[in-house]
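Here are the chains, one letter per residue:
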Amino acid sequence: MIAAHRWVMTAPKAPLVIEAFDPLPPAADHVVVAVAGCGVCHTDLGYYYDGVRTNHALPLALGHEISGRVVAAGAGAESWLGRAVIVPAVVACGECDLCRNGRPEICRKQQMPGNDIQGGFATHITVPARGLCPVDEARLAAAGLTLAEVSVVADALTTPYAAVVRAGVKPGSLAIVIGAGGVGGYCVQVAAAFGANVVAVDVDAAKLEAVAGYGAALTLNAASYDAKALKAAILQFAKDRACPRPNGSSSNARAPPPASPPRGGCWCTAARCAWSASPWTRSRCASRT
Ligand SMILES: [Zn+2]
Ligand SMILES: [Zn+2]
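Keep in mind it's a predicted model, so treat the numbers as computed, not measured.

(A) Representation of the sheet that holds strand β10 (residues 216-221). The strand order across the open sheet built from 3 strands is β8-β9-β10, with neighbouring strands paired in parallel fashion. Two strands close off the open sheet at either side, each with one partner strand: β8 (174-178) and β10. Averaged over all pairs of adjacent strands, the angle between their axes in this sheet comes to 20°, without regard to strand direction. Taken together, the 5 bridges between strand β9 (residues 197-202) and β10 define a ladder with parallel strand orientation. Paired with Asp 202 across the two strands is Asn 221, which belongs to β10.

(B) Up close: helix α4 (residues 158-166). Listed as buried for α4 are Thr 158, Thr 159, Pro 160, Ala 163 and Val 164. At its buried positions, α4 is contacted by α5 (184-193). Of the residues flanking the end of α4, it is Gly 168, one or two places downstream, whose phi is positive at about 70°.

(C) Spatial organisation of the sheet that holds strand β5 (residues 84-87). Pairing is antiparallel in the open sheet, where 5 strands are placed in the order β6-β3-β4-β5-β7. Of all the strands in the sheet, just β6 (124-128) and β7 (133-134) have a single pairing partner and so form its edges. Note: strand β3 (residues 30-39) against β6, 5 bridges, orientation antiparallel. Bridge pairing in β6 links Val 31 to Val 127.

Basis of the calculations
- Within each chain, residue numbers correspond to sequence positions counted from 1 in written order.
- To read the labels, note that chains go from A and ligands from 1, taken in the order they are written.
- Since the coordinates come from a predicted model, pLDDT governs what is reported: local features require at least 70, and pairs of side-chain atoms require 80 or more to be given and counted, while whole-chain, interface and lining totals use all residues.
- A pair of strands counts as paired when DSSP detects no fewer than two bridges linking them.
- Numbered from the N terminus, helices here are DSSP runs of H or I no shorter than four residues, and strands are runs of E no shorter than two.
- Think of each axis as a best-fit line through the C-alpha atoms, taken over the contacting stretch in the case of a helix, with angles from 0 to 180 degrees between the N-to-C directions.
- Exposed residues have 12 or fewer other C-beta atoms within 10 Å of their own C-beta, buried residues have 20 or more, and partly exposed residues fall in between, where C-beta atoms are placed from the backbone.
- Residue pairs qualify as contacts under a 7 Å threshold applied to their C-beta atoms, which are placed from the backbone.

These values are about where atoms sit, not about what they do.
Below, the structure is given as structure tokens:
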């Protein structure tokens, strides 16, 4: 037996309630993770403050940016025992057409902690072993980081990472990050790490100041420019930096959105969201920066 507990949401804005549970034994291909850290995503705030509905009925522990250590494993998942891991914010099925076509983030059978299953605002969580990300603790220590600190990699960092990869960002590319908040701030850093010339656009001077020290070569406060002037400033920057011109190829074109909106509500990156123009995103997406 493990004396585990989690803090569950029973209703929007109601104080979280502590609930005891025993996660043993985990089902086949599932593991129990002792939670080291769990980030708070804007999606969690949307559930809690704005009444955005979770797929799993309340009461439910929120939290989907989880790192920790595997302390129990079901049949077939024994190799994970004892390992430090990051739990992906969405565990895709790996078998459907979307998964097979490289779009696991919009898998219809996905399981999202704190939305489809009990989440990480807890001492322990049970999750499918599929998709777990092992953490190299030696490298973590060498970087001066703790396992708890890298929990946000599960969503806040991997979301813009996926956007940067899908956008085909290369050394010398021009990357324009619109919204330099929780996700966009990481997008600036990831795009810069890929070698891009990064322009960050926001209406919050403090956010722009923050990302100026972390990879944004140009920051523009959209509150101070009209659209024409903003475009001119970016074009001049691209010219000064000799950024390659977009050629309209698939690597530069915005990917067409899938037929229906993604579940979960946290896959919008202001940088390159296929849904940014959709009514669904405007009304439901809780990850606005
Ligand atoms: Zn799938
Ligand atoms: Zn999220």
